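Below are the chains, spelled out letter by letter.
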Amino acid sequence: LSSSSAASDVYKRQEQGSVGIGGGQTGIYPKDSPGGWNIIGKTPIRLFNATNEQPMEINAGDFIKFEPITKTEFDLLRIETESGTFQWRKEDYHD
């Protein structure tokens, strides 16, 4: 393959934490990677950490509520995530 492959023409690099919509699904990029979904936001929360006993804090089928936050809140959550002090707020979901 040449350095200008068809994949690089279709997909662009998405940053870790980018929230995208593709069809009827929403996904969160767990690391910097190529992708083609429409990006609607970004989370400062690190979703995957191989050094944790439970590397993923969310699972397939979990419901996630996205809330708007300020740039200051984003930066503080990033610091909490990187320092290991961030605490997930989990609630039971009922239809």
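Parameters at a glance
Throughout this document, residue positions are counted from 1 along each chain, in the order its sequence is written. Since the coordinates come from a predicted model, pLDDT governs what is reported: local features require at least 70, and pairs of side-chain atoms require 80 or more to be given and counted, while whole-chain, interface and lining totals use all residues. In computing side-chain properties, one takes all heavy atoms of the structure into account and sets aside hydrogens as well as water. A run of H or I in DSSP counts as a helix once it spans at least four residues, and a run of E counts as a strand once it spans at least two, with each numbered from the N terminus. Think of it in three bands: with a 1.4 Å probe and only protein chains considered, a residue is buried below 20% of the maximum accessible area for its type, exposed above 50%, and partly exposed in between. Residue-level accessible areas treat just the shown protein chains as cover; the underlying method is Shrake-Rupley with a 1.4 Å probe. pLDDT measures the predictor's confidence residue by residue and takes values from 0 up to 100. Pairs of residues are marked as contacts when any of their non-hydrogen atoms sit within 4.5 Å. What makes a salt bridge here is a side-chain nitrogen of Lys or Arg within 4 Å of a carboxyl oxygen of Asp or Glu, nothing more.

1. Description of the overall build of the chain
Per the secondary structure count, the chain includes two helices and five strands. Counting only residues that meet the buried cut, the chain has 19% of its 95 residues in that class. Surface summary for the chain: the accessible area is close to 7800 Å², and the carbon and sulfur share equals 51%.

2. Examining the confidence of the model for the chain
Per-chain confidence: the chain averages 84 in pLDDT, with 88% of residues scoring 70 or above. For the chain, per-element mean pLDDT is lowest for helix α1 (residues 6-10), which scores 55, and highest for helix α2 (residues 71-83), which scores 95. Residue range residues 1-5 is modelled with pLDDT below 50. Its contacts to residues more than four positions away, or to other chains, number two contacts.

3. Thoughts on the pattern of salt bridges
Overall, the coordinates contain four salt bridges when judged by the stated rule. In this structure, the salt-bridge partner of Arg89 is Glu67, at a minimum N-O distance of 3.3 Å. On the criterion of sequence distance, the pair formed by Arg89 in the segment after α2 and Glu67 in the loop between β5 (38-42) and α2 is long-range, its members being 22 residues apart. A salt bridge links Asp75 to Lys71, with the nearest nitrogen and oxygen atoms 2.8 Å apart. Residue Asp75 and its partner Lys71 are both found in helix α2; the two are separated by four residues, about one turn of the helix. Residue classification places Asp75 among the partly exposed residues on the basis of a relative accessible area of 32%. The network of salt bridges with shared partners includes Lys65, Glu67 and Arg89.

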